Amino acid sequence: MASSTVRPGPEDRPQEHDVARRLLDSAAMLAYDPATEVDWETPLDKDFHGASPEWSTLYGTAYWHEMTDAQRKELTRQEAASVASTGIWFEMILQQMVLRDVYAKDPTSADVQWALTEIADECRHSIMFARGAQKLGAPAYRPHRLAVELGRAFKTVAFGEAAYAAILVAEEVLDVMQRDWMRDERVVPFVRTINNIHVVEESRHMKFARAETRKHLAGAGRVRRRIHAFVIAVASYVIVTSMVNKDVYANAGLDGKRAVKEAKANEHHKSMMRSSCSGLMDFLASARLLTRPALVFYKRAHLI
């Protein structure tokens, strides 16, 4: 009989290590190089939308019905570029949090090697989003100053389940809308390709984020769980409310003040956001991260 003091071998490691190994195998079999996969050379065809119109913040409003077809298409292109720019901002936060998490850990482990693979993916995604936004004819949209500073603080202090669950929120929200966009023949082809690449590769990132969130929560006490539930909710609110910059309306040739007002009151868009996050909310509930204070922010962000 083996002694109880014997250290477990690789075959006895926890399930999360198996997750990392499977993700590494998946990445080896299916990964993309946006530099060659995306058609960067063909000029932008303005007969296409930049995103599925149903995902526009103005879809279904009185203003939407007054807009010309060309204005609607330009708005969706500007909104898609804004979402891409927000994605770059959060991917930079994500990369720093993941790198800090694996700093000084065993680089021969599957977990660390997967983390480095994810960081490499995110670097490519950020460049891809930047080139995509530029091709859509949009400026470099940035979150407002408070969001930038909150992000700076979050990436510095967040750890464990707070870091990985916040990563999951950003990835899940993008995933659902981009699945619609990549299948929509009304969307300009190069954006559909970008969305397809992101959906395929982010599906692996989301699996890892779920596994890491569960792993870190396994040793979390009641106070830590409640504090991190609140931190995750605040981070989620900042991320989601930063996705569409208010400047997209003026850049699409619209009355910015009226557009912002109607977008804020748009029940259709709020419903789209809630439906897209149902699976995410189920996961957070199963992890006991939907505390009463956290729910306030999820409801304000129209995620629940």
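Structure's up top.
Residues numbered from 1 in each chain as written. Predicted model: local features only at pLDDT ≥ 70, side-chain atom pairs only at ≥ 80, totals over all residues. Heavy atoms only, no water.

### Quick look at the packing of helix H4 (residues 69-102) against helix H6 (residues 145-157)
For the pair H4 and H6, the least separation of the axes is 8 Å and the interaxial angle reads 15°. It follows that H4 is roughly parallel to H6 by the angle criterion. The hand of the H4/H6 crossing is right-handed. Along its contact with H4, which presents Trp 89, Ile 93, Gln 96, Met 97 and Arg 100, the element H6 presents Ala 147, Val 148, Gly 151, Phe 154, Lys 155, Thr 156 and Val 157. For the contact of H4 with H6, the class distribution of residues is seven nonpolar, three polar and two charged. (Axes fitted to C-alpha atoms, helices over the stretch in contact; angles between N-to-C directions. Helix = DSSP H or I, 4+ residues; strand = E, 2+ residues; numbered from the N terminus. Parallel < 35°, antiparallel > 145°, perpendicular 65-115°, else oblique. Left-handed = near helix turned anticlockwise from the far one by under 90°. Contact = heavy atoms within 4.5 Å. Nonpolar A, V, L, I, M, F, W, Y, C, P; charged D, E, K, R; others polar.)

### Here we look at the packing of aromatic side chains
Counted according to the given criterion, the structure contains six aromatic pairs. Relative to Phe 208, the ring of Trp 114 has its centre 6.3 Å away and its plane inclined at 65°; by these criteria the two rings are edge-to-face. Taken as a pair, Trp 114 in helix H5 (residues 110-135) and Phe 208 in helix H8 (residues 189-217) lie far apart in primary sequence, 94 residues in all. Across this residue pair, the class does not change: Trp 114 and Phe 208 are buried. Ring plane angle 75° and centroid distance 6.0 Å describe the contact between Tyr 237 and Phe 297, whose orientation is recorded as edge-to-face. Within this pair, whereas Tyr 237 is found in helix H9 (residues 222-241), its partner Phe 297 is found in helix H14 (residues 292-300), the two being separated by 60 residues in sequence. One aromatic cluster is present, formed by Trp 114, Tyr 164 and Phe 208 through successive ring pairs. Its guanidinium or amino end placed over the ring of Phe 190, Lys 135 lies 4.6 Å from that ring's centre, counting from NZ or CZ. Between Arg 258 and the ring centre of Tyr 63, over which it is positioned, the NZ or CZ distance is 4.2 Å. (Phe/Tyr/Trp six-rings, centres within 6.5 Å; stacked < 30°, edge-to-face > 60°. Buried < 20%, exposed > 50% of the residue type's maximum accessible area, 1.4 Å probe, protein only. Lys NZ or Arg CZ within 6 Å of the ring centre and 35° of its normal.)

### Considering the nonpolar core
Ranked by size, the top nonpolar core spans 95 residues in total, and within it Leu 58, Leu 75 and Met 177 carry the most contacts. The contacts of Leu 75, once residues within four sequence positions are left out, are Ser 56, Leu 58, Trp 64, Met 67, Val 248, Tyr 249, Ala 252 and Leu 254. (Core = buried A, V, L, I, M, F, W, Y, C linked by side-chain atoms within 4.5 Å.)

### Observations regarding unusual backbone geometry
A positive phi angle, close to 70°, is found at Ala 104, a residue other than glycine. Here Ala 104 lies in the loop between H4 and H5. A relative accessible area of 72% places Ala 104 in the exposed class. The phi dihedral of His 302 falls on the positive side, at around 60°, and the residue is not glycine. By the secondary structure assignment, His 302 is in the segment after H14.

### Topic: the pattern of salt bridges
This structure, assessed with the given rule, holds 16 salt bridges. The partner of Lys 73 in a salt bridge is Asp 69, with the nearest N and O atoms 2.9 Å apart. Taken together, the positions of Lys 73 and Asp 69, both in helix H4 and four residues apart, correspond to about one turn of that helix. Classification of Asp 69 by relative accessible area gives partly exposed; the value is 44%. Here Lys 215 ties to Glu 212 by a salt bridge, and the two come within 3.0 Å at their closest N and O atoms. Pair noted here: Lys 215 and Glu 212 are both in helix H8, with a separation of three residues, about one helical turn. Looking at Glu 212, the relative accessible area reads 2%, which means it is buried. Connected through shared salt-bridge partners, Glu 54, Asp 184 and Arg 186 make up one network. (Salt bridge = Lys/Arg side-chain N within 4 Å of Asp/Glu carboxyl O.)

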